[in-house]
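# Summary of structural features
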Amino acid sequence: MNSEEFVKSIIEVVREESISDSIEDLVDPPGRRPISEDIELSNWFNQLNDKDKEIIAKVVRRAVDTTVFGFFTVLDGVRAIESDSNKGKLELYYKKNENKNLLNNNQDEYLHDIFNNQIKE
């Protein structure tokens, strides 16, 4: 797996699922005994007209995209997770059998840039 394939997998498995799960939870709260906040949000969402529901779906999509993008910036070392001046470096490897591939190689395209390019296609 290379960086592009990794980002594509994250888009499919994390981004798309997070968006659809969030909308589904608004339509029908999860669990046998949903918490009161979930019921309140569902009641509010379900009374909206279709246009307003589409706007909420766009807000959810944007929030998920911002979150995934931010996580990739951390993996790329662009957004710091340490406050001191002697920062470490995150290295994300994909290992299968005897093959090992660095996915967040600073010499290649950043994961967050790959993500932005892939979601705009």
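Residues numbered from 1 in each chain as written. Predicted model: local features only at pLDDT ≥ 70, side-chain atom pairs only at ≥ 80, totals over all residues. Heavy atoms only, no water.

## A short note on the overall build of the protein
- A count of helical and extended segments in the protein gives four helices and two strands.
- Reading the secondary structure of the protein in the N-to-C direction produces α-α-α-β-β-α.
- A compact globule built from 121 residues would reach a C-alpha radius of gyration of about 14 Å, whereas the protein, at 18 Å, exceeds it by more than 25%.
- In terms of overall dimensions, the protein has a C-alpha envelope of 50 × 35 × 30 Å along the principal axes.
- Intrachain contacts of the protein at a sequence separation of at least 6 include 58% that bridge at least 24 residues. (Helix = DSSP H or I, 4+ residues; strand = E, 2+ residues; numbered from the N terminus. Rg over C-alpha atoms; globule rule 2.2 N^0.38 Å. Contact = heavy atoms within 4.5 Å.)

## A short note on the nonpolar core
- Within the largest apolar cluster, 18 residues are counted, with the highest numbers of intra-cluster contacts made by Phe6, Val7, Ile56, Val60, Phe72, Leu111 and Phe115.
- Elements with a minimum of two residues in this core: helix H1 (3-27), helix H3 (50-76) and helix H4 (111-119).
- Every residue in contact with leucine 111, bar those within four places of it in the chain, is listed here: Ser3, Phe6, Val7, Phe72, Leu75, Asp76, Leu103 and Asn104. (Core = buried A, V, L, I, M, F, W, Y, C linked by side-chain atoms within 4.5 Å. Buried < 20%, exposed > 50% of the residue type's maximum accessible area, 1.4 Å probe, protein only.)

## A closer look at the pattern of salt bridges
- Overall, the coordinates contain four salt bridges when judged by the stated rule.
- Where aspartate 65 meets arginine 15, a salt bridge forms, and the shortest distance between an N and an O atom there is 2.5 Å. Taken together, the positions of aspartate 65 in helix H3 and arginine 15 in helix H1 put the pair 50 residues apart, joining distant regions of the chain. The exposure classification of aspartate 65 matches that of arginine 15, with both residues buried.
- If you follow the salt bridges from partner to partner, you end up with Arg15, Glu16, Arg61 and Asp65 in one network. (Salt bridge = Lys/Arg side-chain N within 4 Å of Asp/Glu carboxyl O.)

## A closer look at the pairing of strand S1 (residues 93-96)
- In the sheet, S1 pairs with strand S2 (residues 99-102) via four bridges, with the strands oriented antiparallel. For tyrosine 93, the partnering residue across the bridge sits in S2 and is leucine 102. (Pairing = 2+ DSSP bridges.)

## A closer look at the packing of aromatic side chains
- Under the definition given, this model contains two aromatic pairs.
- Plain terms: the ring middles of phenylalanine 6 and phenylalanine 72 are 6.2 Å apart, the flat faces sit at 75° to each other, and that makes the pair edge-to-face. Here phenylalanine 72 lies in helix H3 and phenylalanine 6 lies in helix H1, a separation of 66 residues in the sequence.
- Among the residues examined, phenylalanine 6 registers a relative accessible area of 15% and is labelled buried.
- Measuring from ring centre to ring centre gives 5.6 Å for phenylalanine 72 and phenylalanine 115, while their planes differ by 50°; the resulting arrangement is tilted. Of this pair, phenylalanine 72 sits in helix H3 while phenylalanine 115 sits in helix H4, and the two are 43 residues apart along the sequence.
- Classification of phenylalanine 115 as buried rests on a relative accessible area of 0%.
- Taken together through their ring pairs, the aromatic side chains of Phe6, Phe72 and Phe115 make up a single cluster. (Phe/Tyr/Trp six-rings, centres within 6.5 Å; stacked < 30°, edge-to-face > 60°.)

## Remarks on the packing of H1 against H4
- One way to put it is that H1 packs onto H4 with a least axis distance of 9 Å and a crossing angle of 60°. One finds that H1 runs oblique with respect to H4. Considering the relative orientation of H1 and H4, their crossing is right-handed. Contacts between H1 and H4 involve Ser3, Glu4, Phe6, Val7, Lys8, Ile11 and Arg15 from the first element and Leu111, Ile114, Phe115, Gln118 and Ile119 from the second. (Axes fitted to C-alpha atoms, helices over the stretch in contact; angles between N-to-C directions. Parallel < 35°, antiparallel > 145°, perpendicular 65-115°, else oblique. Left-handed = near helix turned anticlockwise from the far one by under 90°.)

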